[in-house]
Amino acid sequence: MSKVRIAVIGAGMFGQRHLAYLRREPACEIAAIADPSAAAAAYAATEGLRHFADYRAMLEEVKPDGAIIASPNALHVPMGLACAERKVHMLVEKPLADTVAAACELSTAAERAGVALLVGHHRRHNPMLEKARELVQGGAIGKLTAVAAFWLIRKPDDYFNVAWRREQGGGPILINLIHDIDDLRFVCGEIDRVQAMVSNAVRGFPVEDTAAIALRFASGALGTVTLSDAVPAPWSWELTTGESPLYPQRAENCYLFAGTMGSLSVPALELWRYHGEQSWSASLDRERIEVAAEDPLTRQLRHFARVIRGEEAPRITGADATRTLAATLAVSEAAASGRVVTLN
Ligand SMILES: NC(=O)c1ccc[n+]([C@@H]2O[C@H](COP(=O)([O-])OP(=O)(O)OC[C@H]3O[C@@H](n4cnc5c(N)ncnc54)[C@H](O)[C@@H]3O)[C@@H](O)[C@H]2O)c1
């Protein structure tokens, strides 16, 4: 079977991570990288990769089978539109776009062009999260009633040396919470109402450092997310799942799902249920669900290769990721207005 030829547009921190995965994936070949920075040119020279400063020139000349777009968020849509025009299938990093309208524009363009659009909500390729969804949606905890999610972590001080990370839109809601919102949609279904409060009391930057969020799901279940990037705490996806070697793992949880017949912790995948009388004075039994760990970024890339070959449909489509984006932007809107934001 011939290899799929994949280009990377935007070879910064995460683009280089994609390139590292591409290099060791036998089904894939790196077609080229496109990035105007001197650092990217130097990286390409060191790694022996074809390099273009202009992504349009790269698409015209290299004609890759697929492109991974890992550029600053505001560029995802123009780059995705350029791929769609040239019939290049794409994996676009999250957030799909800066606004819901732009995300819709790209989804529609890809669909009209018959080009596959996969969005990089890579956690959905984690077998542990797939199992959590299967358990919750399969009724293992009865009717889902309440969810508590946490993203409590300490970013280092030098993270904020970059100006845009101190401004609105550059903070934990759009950069980090979007992952948790996507996870919650994946496990619990659609979110239809959002309320939120935000605070910048720790650092005093224009961007939020802390948020308290209330969600209502279309099923009627209620959820909360407590978020802060200014606290030394182990309760975040990054520190609990061991998904990335960048974050030393702790054996704690970041999500708690509670239903009428039991509850489930993530990532521990401990199911808590009564096996006799359903009463707080009866013994609540704990069952550990085992899942073989697999690296989600490897699985995502293999999936993208099969999508390019036309063997699979994208698991996270533009329309799906647009709903995650809308729910995430609704958090900022709800906090700014003090109102309940309803999603349709
Ligand atoms: N899925 C995840 O967990 C995850 C993690 C980190 C970042 N991301 C996403 O990846 C994207 C990139 O983030 P990052 O942290 O790597 O940022 P970064 O700033 O390190 O890299 C962005 C790169 O894009 C390049 N770029 C700028 N303009 C360009 C242009 N016109 N053409 C081509 N390249 C251009 C920059 O030179 C830079 O090298 C963001 O959308 C971010 O949200 C996703």
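Structure's up top.
Applying the stated criterion across every chain, the model contains 4 aromatic pairs. Ring geometry for Tyr 159 against Phe 160: centres 5.0 Å apart, planes inclined by 70 degrees, an arrangement best described as edge-to-face. Both residues of the pair, Tyr 159 and Phe 160, belong to the buried class. For Phe 160, a relative accessible area of 6% puts it in the buried group. Members of the aromatic cluster, connected to one another through ring pairs, are Tyr 159, Phe 160 and Phe 205. Its end group placed over the ring of Tyr 21, Arg 24 keeps NZ or CZ at 4.3 Å from the ring centre. Over the ring of Tyr 159 we find Arg 165, and its NZ or CZ is 4.0 Å from the ring centre.

By the alternation rule, side chains of strand 4 (residues 66–69) split into Gly 66 and Ile 68 and Ala 67 and Ile 69, which are all buried. Looking at chain direction, strand 1 (residues 4–9) and strand 4 are connected through 4 bridges and run parallel. Across the sheet, the residue bridging to Ile 6 is Gly 66, located in strand 4. Across 4 bridges, the pairing between strand 4 and strand 5 (residues 89–92) is parallel. By the bridge assignment, Ala 67 is partnered in strand 5 with Met 90.

Enumeration according to the criterion identifies 26 salt bridges in this entry. Its salt-bridge partner being Arg 216, residue Asp 192 comes within 2.9 Å of it at the nearest N-O pair. One end of the pair, Asp 192, is in strand 8 (residues 191–199); the other, Arg 216, is in strand 9 (residues 210–217), with 24 residues separating them in the sequence. Asp 192 gets classed as buried once you look at its relative accessible area, which sits at 16%. Look at Arg 216 and you get partly exposed, because its relative accessible area is 29%. One network of salt bridges, in which partners are shared, links Arg 124, Asp 182, Arg 185, Glu 190, Asp 320 and Arg 323.

About the criteria used
- Residues numbered from 1 in each chain as written.
- Predicted model: local features only at pLDDT ≥ 70, side-chain atom pairs only at ≥ 80, totals over all residues.
- Heavy atoms only, no water.
- Phe/Tyr/Trp six-rings, centres within 6.5 Å; stacked < 30°, edge-to-face > 60°.
- Buried < 20%, exposed > 50% of the residue type's maximum accessible area, 1.4 Å probe, protein only.
- Lys NZ or Arg CZ within 6 Å of the ring centre and 35° of its normal.
- Helix = DSSP H or I, 4+ residues; strand = E, 2+ residues; numbered from the N terminus.
- Pairing = 2+ DSSP bridges.
- Salt bridge = Lys/Arg side-chain N within 4 Å of Asp/Glu carboxyl O.

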